[in-house]
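So you can see what is in the structure, the chains are spelled out below.
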Amino acid sequence: MTRNTICLEKAVVISQKSFAGDQHILRVHAPKCAARAEPGSFVHLTCHPTILMRRPLSIMRTDRKKGWLEFLYKPVGTGLNLLTQRNEGEILSMLGPIGNGFKPDPSRPFILAIGGGVGIPPVIFLADNLQNDNRFEVLVLMGSEVPFPFDLSNATISIPGMPPSATHSIELLDEWETPSRAASKAGYEGCFHGFVPELANIWLQNLSASERKKIQLMGCGPTAMLKATAALAKDFDLPCQLALEEFMACGVGGCAGCTVLLNTPEGPAMKRVCVDGPVFDAHQLY
């Protein structure tokens, strides 16, 4: 069954992997959802037969040909804790993809993508989706206060303007030839010591005015990180799109339980994160 582009699909668990910091990557086979997903969209997932209310999970990666999707999540609450126990071959009821994703503007060919914590998945999906799009260059900056759920190693792609302490990149992004750097206050080797918007600020300061005119910001993460990223966009006069994460009941716009206040050109307006977002113009948010 479909509702416009939203599918109700039986997703089959392919794999479930655990990482330090109580992080999990779930891969499921759901070809209808995989075919329609776009960076920034999410699914509403039934975690366990005993839990009736679904949980929203941002999509991290897809393979449209093979029909799978991946999600990175932390088990906060009963539902997601039960999701960690789902095994290969089990079936999950899935609604998705839901929401409006990132919309890169070709007039700004350089995308600075910032991801923090469980807000990393949409940024990974964005980089994956654009790796063969010759219209754009992408730089990914990630921040985390727990061990990253990706292998980090000495960067193979030089990024002028980066502070000397930011020496490590994400190996998965290296495979895609997408430059990246990591930030953390936890003291991880090769990571900039600080929050990821601070790292972005240093890099932007080292650019010329003409270079900054080519940049657009995109990001997802905790509220404090999003507000700092929006402030960064304002300081450097950059367009910025942010993906919000919010508690949801229905996930398809019916309950209006995930509304946020936007300052639109027509005046203040309440918008639903699930179907009006989750990606919004940062300058209307903060």
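Nothing here was measured: the structure is a model prediction, and the numbers come from that model. (Residues numbered from 1 in each chain as written. Predicted model: local features only at pLDDT ≥ 70, side-chain atom pairs only at ≥ 80, totals over all residues. Heavy atoms only, no water.)

Trainee: Now, about the side chain of S153: what can you tell me, with residues and values included?
Mentor: Within the secondary structure, S153 is located in strand β11 (residues 152–154). A polar contact of 3.2 Å, which involves the side chain of S153, links it to the side chain of E171. With residues near it in sequence (within four places) discarded, S153 still touches T167, H168, S169, E171 and D174. (Helix = DSSP H or I, 4+ residues; strand = E, 2+ residues; numbered from the N terminus. Polar contact = N/O pair within 3.5 Å; in protein donor to acceptor, adjacent residues only side chain to side chain. Contact = heavy atoms within 4.5 Å.)

Trainee: I'd like to hear about the packing of helix α5 (residues 196–205) against helix α7 (residues 223–235), residue by residue, with values.
Mentor: Between α5 and α7, the least distance of the axes is 9 Å, while the angle of their chain directions is 15°. Classified by the angle their axes make, α5 and α7 are roughly parallel. The hand of the α5/α7 crossing is right-handed. Along the contact surface, α5 presents V196, P197, A200, N201 and L204, while α7 presents M225, A228, T229 and L232. (Axes fitted to C-alpha atoms, helices over the stretch in contact; angles between N-to-C directions. Parallel < 35°, antiparallel > 145°, perpendicular 65-115°, else oblique. Left-handed = near helix turned anticlockwise from the far one by under 90°.)

Trainee: Before we move on, could you go through the environment of L92 and cite the residues and values that matter?
Mentor: The residue L92 is located in strand β8 (residues 91–98) in this model. The class of L92 is buried, set by a relative accessible area of 1%. Residues L92 and E9, spaced 83 residues apart in sequence, show a C-alpha to C-alpha distance of 8.3 Å. Not counting chain neighbours up to four residues away, the residues in contact with L92 comprise E9, K10, A11, V13, L26, V28, L45, T46, C47, L83 and R86. (Buried < 20%, exposed > 50% of the residue type's maximum accessible area, 1.4 Å probe, protein only.)

Trainee: Quick one: what's the story with the pairing of strand β16 (residues 240–243), residue by residue and with numbers?
Mentor: Residues of β16 alternate between two faces, with C240 and L242 on one and Q241 and A243 on the opposite face, all of them buried. Relative to β16, strand β15 (residues 215–220) runs parallel, the two sharing 4 bridges. Bridging across to β16, L217 finds its partner in C240. Following the chain from β15 across α7 to the adjacent parallel β16, one finds a crossover that is right-handed. Where β16 and strand β19 (residues 279–281) come together, 3 bridges link them in antiparallel fashion. Counted as the bridge partner of L242 is F280 from β19. (Pairing = 2+ DSSP bridges. Right-handed = clockwise from strand over helix to strand, strands pointing away.)

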